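Coordinate analysis (summary)
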Amino acid sequence: MVRFNILILIAIATLMTSCSSSTTEEDELYKAVSTTNTEVAISDIEQEVIDAVNEYRVSIGLNALEFSSIAYGYANSHNDYMISAGQISHDNFDLRASDLSLDANADHVSENLGKDFTTAEDILAAWKNSPTHKKLMEGKVQYTAVSVTADKDGVLYFTQLFYN
């Protein structure tokens, strides 16, 4: 009986320590994100993407989205992560969404990504032509942020976060 209890304790301990889905490096990246909604300076192309998405949303009868500096920090961190990995991915979205939900008191978080586009019009066209990306752009959300970051070769990575 004692042997059985020890095996159960070992199994529980193993499960509790093996269910972590993020690395220390990723945790540090996301902890570095500001948790206050302070003013930030965004680049011209980032503003152009926000404007293009808002113009599209308004043209189909939806609200224009408000910029969130909290979400911007998470979008920047995710671009840095994708550039270090050399590819776009939704890796760690659950962690990003959970942390953003806590920091911004959000009920719903979603994201669109892109790579290799050079203008706001190009990324908007790509998102509109993808049913999944289009659905997220047309979602019932209030806030957004877009990060556009170039890698060492000048390739642009895009992360747009949406939340309510």
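First, a word on what this report is: a plain description of the structure on this page.

What counts, and at which threshold
Residues numbered from 1 in each chain as written. Predicted model: local features only at pLDDT ≥ 70, side-chain atom pairs only at ≥ 80, totals over all residues. Heavy atoms only, no water. Helix = DSSP H or I, 4+ residues; strand = E, 2+ residues; numbered from the N terminus. Buried < 20%, exposed > 50% of the residue type's maximum accessible area, 1.4 Å probe, protein only. Contact = heavy atoms within 4.5 Å. Areas by Shrake-Rupley, 256 points an atom, 1.4 Å probe, with all protein chains shown as cover. Expected span 1.5 Å × (residues − 1). Pairing = 2+ DSSP bridges. Axes fitted to C-alpha atoms, helices over the stretch in contact; angles between N-to-C directions. Phe/Tyr/Trp six-rings, centres within 6.5 Å; stacked < 30°, edge-to-face > 60°.

What follows covers the overall build of the protein chain. Each helix and strand counted, the protein chain has 7 helices and 4 strands in total. Within the protein chain, buried positions represent 38% of all 164 residues. Relative to all contacts within the protein chain whose residues are 6 or more apart in sequence, the contacts with residues 24 or more apart total 73%. By element, 55% of the accessible surface of the protein chain is carried by carbon and sulfur atoms, the whole surface being about 9400 Å².

With that out of the way, let us pick up helix α3 (residues 44-59). Taking 1.5 Å as the rise per residue, α3 with 16 residues should run 22 Å; its terminal C-alpha atoms sit 22 Å apart, in good agreement. Among all positions in α3, only I45, E46, V49, I50, A52, V53, N54, Y56 and R57 are buried. Against β1 (66-67), α4 (69-85), α6 (120-128), α7 (131-137), β3 (143-150) and β4 (156-163) lie the buried residues of α3.

What follows concerns the sheet that holds β3. Spatially, the 4 strands line up as an open sheet ordered β1-β3-β4-β2, and their pairing is mixed. Bordering the open sheet on either side are β1 and β2 (109-115), each of which pairs with just one other strand. Summarising the sheet, β2 and β4 pair through 7 bridges and their orientation is antiparallel. Pairing of K115 across the sheet is with Y157, part of β4. The sheet strands contacting α3 are β1, β3 and β4, and the helix crosses β3 at an angle near 140°. Contacts between helix α5 (residues 93-104) and the sheet are confined to β2 and β4, with β2 contributing the most and set at about 130° to the helix.

What follows is about α4. Its 17 residues give α4 an end-to-end C-alpha distance of 24 Å, which sits within 8% of 24 Å, the value for a rise of 1.5 Å per residue. Within α4, 12 of the 17 residues are buried, which leaves it mostly tucked inside the rest of the structure. Taken together, the buried positions of α4 are S69, I70, A71, Y72, G73, Y74, A75, S77, H78, N79, Y81 and M82. Positive backbone phi, at 75°, marks G86, one or two positions downstream of α4.

With that settled, consider the packing of aromatic side chains. Considering all chains together, one arrives at 2 aromatic pairs under this definition. Here F67 and Y72 contribute two aromatic rings whose centre-to-centre distance is 5.8 Å and whose plane-to-plane angle is 55°, an arrangement assigned as tilted. F67 gets classed as partly exposed once you look at its relative accessible area, which sits at 31%. Ring centres 5.0 Å apart and planes at 25° place the aromatic pair Y143 and Y163 in the stacked group. Here Y143, found in strand β3, pairs with Y163, found in strand β4; they are 20 residues apart in sequence, far enough to count as distant. The class for Y143 is partly exposed, based on a relative accessible area of 28%.

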